[in-house]
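A structural walkthrough
Residues per chain, in single letters:
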Amino acid sequence: MSEPRYDVIAIGNAIVDVMAPAEDALIARLGLNRGGMTLVDEAQADTLYDAMGPAREISGGSAANTLAGLAALGARCAFIGQVADDQLGAVFAHDIRAGGIDFDTPARAGDPATARCLIFVSPDGQRTMNTFLGASQFLPAELIDEEAIADARVLYLEGYLWDPEEPRAAMRRAIATARAAGRLVAFTPSEEFVIARHGDDFRALIADGQIDILFANQGELAALTGEAELDAGLAQLSPRVPVLVVTRGPDGAVALVDGVRAEVAAEPIARVVDTTGAGDLFAAGFLWGHVQGDDPATCLRRGAIAAAEIIGHYGARTEVNLKQLMAERLG
């Protein structure tokens, strides 16, 4: 097989994050799901934006965040996602390309607007996300760049985008393309509520051997398997997934690679500022190690270092030289 053009190509929601610090009293008054992610319509998004304090706009989206981390580490990346032909769409496209990521999906004319995620960050760093999916849920299968997918070592997919029918069909087409080309498929279910809606689809993909690398946190693992106990959940899924990675927040992470277990502690951090993107950057660090052929323990450590960097500041894009930081921490 030829050397691929890309290390990782991802398909995900093209979202601009709008972030602001918020007291828990405001989150309670607004009736928000503290620490979770809730889908909202455009009118609700406007209401929540009006209730926010001074905010920052940062291009985001789960898979795009992972690619940004990968690109910062030196990976060759491309992104497929739908924006509208509007100001936020231009912001997203500029930011992702400025990060060294190829992004060629044409903007969509007309309504709805580009997706945005309104993030209320609590004093303890917990993030409460409220997402208007907008144009991102109208990614058609015909915009899937099959040539690029076949020319990428790994196809990375986020579960958030599985919800709308049109991009779900696009992602199924992408999976078929990657597998036909002999490439790896990595997947994250993204959130427990997504599993509640589409868990049968995800379990079928796993059972059919369509997923080579699965990222989940401990709650998502339990939702997928019905097993509240970590080891029981791992035992159920690991025979079906060659690379199974489960993050556990402050308790670190565990991976089973071809049935062999590795674990890592969370990296020490002086203060948690904002947990937005912690799982996304963990996936970035792990995938970068994996495509380079690192052993599972080193891949986990790379993920932990990247996650620790991201939770030390606002936003899901790195603020230091991640490649240098990784080299310093790993010696």
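Here's a quick rundown of the structure. Within any chain, residue numbers begin from 1 and follow the written order of that chain's sequence. The predicted nature of this model means local features are confined to residues of pLDDT at least 70 and side-chain atom pairs, given and counted, to a pLDDT of 80 or more, with totals for whole chains, interfaces and linings taken over all residues. Think of the side-chain values as coming from all heavy atoms in the structure, minus any hydrogens and water.

**A closer look at the sheet that holds strand 2 (residues 15–21)**
Quick reminder of the rule: Being paired, for any two strands, means DSSP has found at least two bridges between them. Segments assigned H or I by DSSP are reported as helices when at least four residues long, segments assigned E as strands when at least two residues long, and all are numbered from the N terminus. Note on geometry: axes are C-alpha line fits, over the in-contact stretch for helices, and angles between N-to-C directions span 0 to 180 degrees. Here, residues are in contact when the closest pair of their heavy atoms is within 4.5 Å.
Reading across the sheet, the five strands line up as 3-8-7-2-4 and stay open at both edges, with mixed pairing between neighbours. The two strands at the open ends of the sheet, each matched to only one other strand, are strand 3 (37–39) and strand 4 (56–60). Direction aside, the axes of adjacent strands within the sheet are offset by 25 degrees on average. Pairing between strand 2 and strand 4: five bridges, direction antiparallel. Along strand 4, the bridge assignment pairs Met19 with Arg56. Helix 4 (residues 87–98) rests against strand 2, strand 4 and strand 7 (115–121) of the sheet, and its axis sits at about 60 degrees to strand 4.

**Brief notes about the pairing of strand 8 (residues 127–132)**
Note the following rule: For every residue, the accessible area obtained with a 1.4 Å probe (protein chains only) is divided by the maximum for its type, and the residue is called buried under 20%, exposed over 50%, and partly exposed between those limits.
Most of strand 8 sits out of view: six of its six residues are buried. Burial of the side chains of strand 8 extends over both faces: Arg127, Met129 and Thr131 are buried on one face and Thr128, Asn130 and Phe132 on the other. Pairing analysis gives three bridges linking strand 3 to strand 8, with the strands arranged parallel. Each bridged residue has a counterpart across the sheet, and for Met37 the counterpart in strand 8 is Met129. Judged from the six bridges that link them, strand 7 and strand 8 form a sheet pairing that is antiparallel. Across the sheet, Val121 pairs through a bridge with Arg127, a residue of strand 8. Between the end of strand 7 and the start of strand 8, which pair antiparallel, lie five residues, with Gly125 showing a positive phi angle near 90 degrees.

**Some thoughts on the side chain of Thr225**
Definition in use: As used in this structure description, the phrase polar contact means that two N or O atoms lie within 3.5 Å; if the pair is within protein, one of them must be able to donate a hydrogen and the other to accept it, and residues adjacent in sequence are counted only when both atoms belong to side chains.
Within the secondary structure, Thr225 is located in helix 8 (residues 218–225). The class for Thr225 is buried, based on a relative accessible area of 11%. At a separation of 2.9 Å, a polar atom in the side chain of Thr225 contacts the main-chain carbonyl oxygen of Leu221. In contact with Thr225, not counting residues within four places along its chain, are Gly233, Gln236 and Leu237.

**Let's talk about the pairing of strand 1 (residues 6–11)**
The element strand 1 is largely enclosed, with a buried count of six among its six residues. Judged from the five bridges that link them, strand 1 and strand 9 (residues 152–158) form a sheet pairing that is parallel. In the strand pairing of strand 9, Tyr6 is matched with Ala152. Relative to strand 5 (residues 77–80), strand 1 runs parallel, the two sharing four bridges.

**Comments concerning the state of the cysteines**
Inclusion rule: The term disulfide is used for any two cysteine sulfur atoms that are within 2.5 Å.
Tallied over the full model, the rule gives zero disulfides. Cysteine Cys299 shares no disulfide, and the gap to the nearest cysteine sulfur, in Cys77, comes to 15 Å.

**Observations concerning the layout of surface pockets**
Heads up, the condition is: Lining residues are defined by having an atom within 4 Å of a point belonging to a cavity or pocket. Those points lie on a 1 Å grid over the protein atoms alone, cavities being sets where a 1.4 Å probe fits but cannot get out and pockets being open sets with protein on both sides within 12 Å along at least five of seven lines. Grid points are joined across faces, edges and corners, and a volume is the space filled by probe spheres set on the points. Gly is placed with the polar residues, together with every amino acid not listed as nonpolar (Ala, Val, Leu, Ile, Met, Phe, Trp, Tyr, Cys and Pro) or charged (Asp, Glu, Lys and Arg).
Looking at the second largest pocket, its volume works out to about 210 Å³. In terms of lining, the second largest pocket is formed by 16 residues, of which the most central are Ile9, Ile80, Asp104, Asp145 and Ala148. Contributions of two or more residues to the lining of the second largest pocket are made by strand 1, strand 5, strand 6 (101–103) and helix 5 (146–150). No other element matches the three residues that strand 5 contributes to the lining of the second largest pocket. For the lining of the second largest pocket, the per-class residue count stands at nine nonpolar, one polar and six charged.

**Observations concerning the environment of Asp274**
Among the structural elements, Asp274 can be located in the loop between strand 14 (260–264) and helix 10 (278–292). Separated by 148 residues in the primary sequence, Asp274 and Gln126 have C-alpha atoms spaced 5.9 Å apart.

**What about empty space enclosed by the protein?**
Applying the stated criterion across every chain, the model contains one cavity of 30 Å³ or more. Estimates place the volume of the largest cavity at around 30 Å³. Lining the largest cavity we find Met37, Leu39, Leu133, Tyr160, Asp163, Phe193 and Val194. Mapped by element, the contributors of at least two residues to the lining of the largest cavity are strand 3 and helix 7 (192–207). Grouping the amino acids of the lining of the largest cavity by side-chain chemistry returns six nonpolar, no polar and one charged.

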